[in-house]
Amino acid sequence: MNLKEVKIGETVTVVKLMGEGAIKRRIMDMGITKGVEVTVRKVAPLGDPIQVSVRGYELSIRKADAENIEVK
């Protein structure tokens, strides 16, 4: 399952980051790394972006980037 499929209010743990080079680096620079807990707070009306809570702060992430984050 990827982060894009998570329902509002659910908390999940990051299992793996997919993607190559700059995409993976950008996701890691935002604080989303393997083993971190992520809570989905809101989803925009058209589904993009997704607001999540990670490491004590709020973050908006694009759907395309959320597809590269495998969670459980």
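See above for the structure.
In short, a report on the structure. (Residues numbered from 1 in each chain as written. Predicted model: local features only at pLDDT ≥ 70, side-chain atom pairs only at ≥ 80, totals over all residues. Heavy atoms only, no water.)

**Some details on the sheet that holds strand 2 (residues 37-43)**
Here we have 5 strands laid out as an open sheet, ordered 4-3-2-1-5, and antiparallel in their pairing. Edge strands, defined here as strands with exactly one partner in the open sheet, are strand 4 (57-61) and strand 5 (69-71). Neighbour-to-neighbour, the strand axes of the sheet open up by a mean angle of 45 degrees, direction not taken into account. The pairing of strand 1 (residues 11-17) with strand 2 spans 3 bridges and is antiparallel. Pairing of Thr-11 across the sheet is with Thr-39, part of strand 2. (Pairing = 2+ DSSP bridges. Helix = DSSP H or I, 4+ residues; strand = E, 2+ residues; numbered from the N terminus. Axes fitted to C-alpha atoms, helices over the stretch in contact; angles between N-to-C directions.)

**Quick look at the environment of Glu-20**
Looking at the secondary structure, you find Glu-20 in the loop between strand 1 and helix 1 (21-29). Glu-20 gets classed as exposed once you look at its relative accessible area, which sits at 67%. (Buried < 20%, exposed > 50% of the residue type's maximum accessible area, 1.4 Å probe, protein only.)

**Section: the pattern of salt bridges**
What the rule picks out here adds up to 5 salt bridges. Residue Lys-4 pairs with Glu-67 through a salt bridge whose shortest N-O separation is 2.9 Å. Here the residue Lys-4 occupies a position in the segment before strand 1, and Glu-67 occupies one in the loop between helix 2 (63-66) and strand 5, the gap between them amounting to 63 residues. You can call Glu-67 partly exposed: its relative accessible area is 36%. With a closest N to O distance of 3.7 Å, Glu-58 and Arg-41 form a salt bridge. One end of the pair, Glu-58, is in strand 4; the other, Arg-41, is in strand 2, and 17 residues separate them in sequence. When its relative accessible area of 42% is taken as the criterion, Arg-41 is described as partly exposed. Several salt bridges share partner residues, and in doing so they unite Arg-26, Arg-62 and Asp-65 into one network. (Salt bridge = Lys/Arg side-chain N within 4 Å of Asp/Glu carboxyl O.)

**Observations regarding the pairing of strand 4**
Across 5 bridges, strand 3 (residues 50-54) lies against strand 4 in antiparallel orientation. Note that in strand 4 the partner of Ser-53 across the bridge is Glu-58. The turn joining strand 3 and strand 4, which pair antiparallel and follow one another in sequence, is formed by 2 residues; a positive phi near 55 degrees is taken by Arg-55.

**Quick word on the environment of Lys-42**
Structurally, Lys-42 can be placed in strand 2. Accessibility expressed as a relative area gives 52% for Lys-42, which makes it exposed. Counting along the chain gives 30 residues from Lys-42 to Lys-72, while the straight-line C-alpha distance between them is 19 Å. Apart from residues no more than four positions distant in its own chain, Lys-42 is found in contact with Ile-50 and Gln-51. (Contact = heavy atoms within 4.5 Å.)

Take it as geometry only, folks, not as evidence of what the structure does.
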